[in-house]
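# Topology and contacts: notes
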Amino acid sequence: MKIKAISLVVGCALSLSTLAAQPKVERYIVSFPEGARVSYNGAFASAFPQGLPVGIGSGLLFNGKQGDALTFVTVTDRGPNADSPDVGKKESKIFVTPGFAPLLMNIRVQNGKAEATDARPLHDDKGNVNGLPLQDGVIGSTNEVALSDTLKALQGDNRGLDTEGVTPDGKGGYWLCDEYGPFLINVDERGKILAIHGPQAAEGEKSIAGGLPNILKWRQPNRGFEGITRMPDGRILAAVQSTLDIDGKSKKQARFTRLVSFDPATGKTAMYGYPIDSAAYSKNSDAKIGDIVAIDNQHILLIEQGSDKNDAMRNLVYKVDLSSATELSAFDKPGEYPEFDDEKALVKRGIKFAAKKRVVDLRQLGWQQEKAEGLAMIDDKTLAVTNDNDFGVKAVMQNPVEGKKRKDYRVTEQGTLTVDDKPVATTIGLRPLKKPESDSELWIITLAEALK
């Protein structure tokens, strides 16, 4: 469903030339003509009589034009989940439908409609994979406790994936990126997993898949690879969502997050620093990457977002120039990681980050969703952006203790809640998100100036 075209005008006293320079937006609510929903028969099924909306939009790829239609490929994340209190000292998540397999889907924009079809679950030779967190003790484990909708502990799964981006592999299939490992996953057009690459294990460590720099294991939990793109020369570039947290000490002070290059033909890797907008956030770890897409071999578009110092959400698209960025691998030595360096130390060591220039502020265009997680380039003046609607589900505290927040509770082995180690009558329920948060949006943005 197409809402309407928007031409942004800020202020009143604008010249005609200024008016002509504003980006134009076509805004769509993605529909599912095949009736795709996520089946849910759990404890709170009565709140979701039609099941859950599919949470597409974690990644977006422009797949070309068919006549006057625009076609895209998109991917879901790990599936319906909701926030829950810690279990002891470990973070936890409610996995509403634990058997959910992340999906590839197609989106077609034509005749004022955006429609998602052809859901293909990710699978390997054993069958469909799922989105459950990895088991403790392996590189990529988030050490979070997976809970059912009745707060019973679920077993982790080393085949679990939390996919967040999609790009072509040049052979008819796709490369996906994942937040757990973080992993790069090569799949065929139907979603069959062909290869997985993750942080290489050091001595004494256990990894599910290697081939990527070991330092990536320090990604913050659930903030691994958030965006991926294929460069014209065939290299795969993936963006770590937020600052690395090396030894649990660097996430708040690191001035950059990492862009990781991987050449599927040779296995060669390289890493570059993307400078976050440090001055905008209360702490550097609040910055998040949404998605990336290649313009050419040295330039990409990138979404940077996160809550600023005033708790206002930022969603900005930048053009990023990698041509003068320092390759960081030579600086990654114990005690010398650049994540711990201030600006003077970085200059002294000769480390340069990628250069960046703002292309568009989505908030100024009227974007209201919290997250912009899919980014595609249709041509050198036209972009597409999607959100992640979190499958339209949220957790709510039922019969809460007055003055207590979710972080004040703990989940017991029996699936009950305590506050200050004392049992309470509070429980957690699942409810639908209201519109517009539950909508899957797709925006087509026509820029005033070409990117190239």
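The rules we used
Residues numbered from 1 in each chain as written. Predicted model: local features only at pLDDT ≥ 70, side-chain atom pairs only at ≥ 80, totals over all residues. Heavy atoms only, no water. Pairing = 2+ DSSP bridges. Helix = DSSP H or I, 4+ residues; strand = E, 2+ residues; numbered from the N terminus. Axes fitted to C-alpha atoms, helices over the stretch in contact; angles between N-to-C directions. Buried < 20%, exposed > 50% of the residue type's maximum accessible area, 1.4 Å probe, protein only. Phe/Tyr/Trp six-rings, centres within 6.5 Å; stacked < 30°, edge-to-face > 60°.

### Observations concerning the sheet that holds strand β27 (residues 355-361)
Within the open sheet, the 4 strands sit side by side as β24-β25-β26-β27. Their pairing is antiparallel. Only two strands of the sheet have a single partner each, and these edge strands are β24 (288-294) and β27. Here the average twist between neighbouring strands, direction ignored, is 25°. Where strand β25 (residues 299-307) and strand β26 (residues 313-321) come together, 9 bridges link them in antiparallel fashion. Following the sheet pairing, Glu304 is matched in β26 by Leu316.

### Quick look at the sheet that holds strand β9 (residues 103-110)
If you walk across this open sheet you meet the 4 strands as β5-β6-β9-β10, and the pairing is antiparallel. Two strands bound the open sheet, and with one partner strand each, they are β5 (59-66) and β10 (113-121). For this sheet, the mean inter-axis angle between neighbouring strands, taken without regard to orientation, is 20°. Direction of pairing for β5 relative to strand β6 (residues 69-75): antiparallel, over a ladder of 7 bridges. Along β6, the bridge assignment pairs Leu60 with Thr74.

### Describing the pairing of strand β22 (residues 256-262)
With 7 of 7 residues buried, β22 lies mostly within the body of the structure. Strand direction decides the pairing type here: strand β21 (residues 236-240) and β22, joined by 4 bridges, are antiparallel. Across the sheet, Ala239 pairs through a bridge with Leu259, a residue of β22. Judged from the 7 bridges that link them, β22 and strand β23 (residues 269-275) form a sheet pairing that is antiparallel.

### Looking at the packing of aromatic side chains
Taken as a whole and assessed by the stated rule, the structure comprises 6 aromatic pairs. Seen from their ring centres, Phe100 and Phe391 are 5.2 Å apart, and the 80° between their planes marks the pair as edge-to-face. Of the two residues, Phe100 sits in the loop between β8 (90-95) and β9 while Phe391 sits in the loop between β29 (382-386) and β30 (393-398), which places them 291 residues apart along the sequence. For Phe100, a relative accessible area of 10% translates into the label buried.

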